[in-house]
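Notes for the structure review
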Amino acid sequence: MLKHYIFWGLFALVLIGIGVSLWDRHRRSQRAKALEAAYRAGAASAAAPAGSPAVGPAAKPPARPAASPLEAAFDPNATRVHFRGAGESEAPAVLHRDAAPLPAQKSARLVCVGGGQKDHSFAVTAAGITIGRDPKNDVVIADPRVSYHHAWIGIIEHKAILRDLGSTNGTFLNAQIAAPVSEVVLSPGDTIFFGGHGRDQFRFVVE
């Protein structure tokens, strides 16, 4: 009889834990949506020309343009450092660089040279590796500025490709602090920052 009480007691605790976790996730998601809505409302009011008539209850609101890929990829669980839109100068771009194919019989690696994972090394395979805060990623970065599924690095046509996965705060290459990238061919020695400069710093190495 005691075993039954223990079993059902543990089972109840597990259910309570799941319920609390789901409620907390829902609360954080709703709060993030509210903050995002408040930001967009403030941006819209600031962009309205002076003296423009207020929109009354009976007025038909203007049609809203389709959400850009960056807006659609908003991660409510990542701490947003700055806001950016498709028309802003710091919007991610595909960088076209003259990069030679990776040398044969050489292995590519992503090495952490600064931050919480310093000296950790991750092999870049042909299938690619994923980077983000989600524990299921190949490279897990415990930084609130990093999105759950932040970026991908893989080998395409014998070249190493870095691809941002629509992250909240962007992926940065070398000293380009104000210019996040969406996709770029990596060269040996490139330094990569996920979510912004100042925390974990990674270097692309070919050995």
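These notes cover the structure that comes with them. Bear in mind that the values here come from a model prediction, so they are computed numbers and not experimental data. (Residues numbered from 1 in each chain as written. Predicted model: local features only at pLDDT ≥ 70, side-chain atom pairs only at ≥ 80, totals over all residues. Heavy atoms only, no water.)

1. What about the pairing of strand β4 (residues 129–132)?
In this sheet, strand β6 (residues 151–156) lies alongside β4 in antiparallel orientation, the contact comprising three bridges. Note that in β6 the partner of Ile129 across the bridge is Ile153. For β4 and strand β5 (residues 139–140), the ladder comprises two bridges, and the chain directions are parallel. Bridging from a neighbouring strand, Ile131 pairs with Val139 of β5. (Pairing = 2+ DSSP bridges. Helix = DSSP H or I, 4+ residues; strand = E, 2+ residues; numbered from the N terminus.)

2. What about the side chain of Asn169?
Here Asn169 lies in the loop between β7 (159–164) and β8 (171–173). At 3.0 Å, the side chain of Asn169 forms a polar contact with the backbone oxygen of Arg145. (Polar contact = N/O pair within 3.5 Å; in protein donor to acceptor, adjacent residues only side chain to side chain.)

3. Details of unusual backbone geometry
Positive phi values are uncommon outside glycine, yet His158 reaches one of about 65°. Within the fold, His158 resides in the loop between β6 and β7. Given the relative accessible area of 59%, His158 is considered exposed. The backbone phi angle of Asn174 is positive, close to 55°, even though this residue is not glycine. You can see Asn174 is positioned in the loop between β8 and β9 (181–185). (Buried < 20%, exposed > 50% of the residue type's maximum accessible area, 1.4 Å probe, protein only.)

These figures come from the coordinates and say nothing about function on their own.
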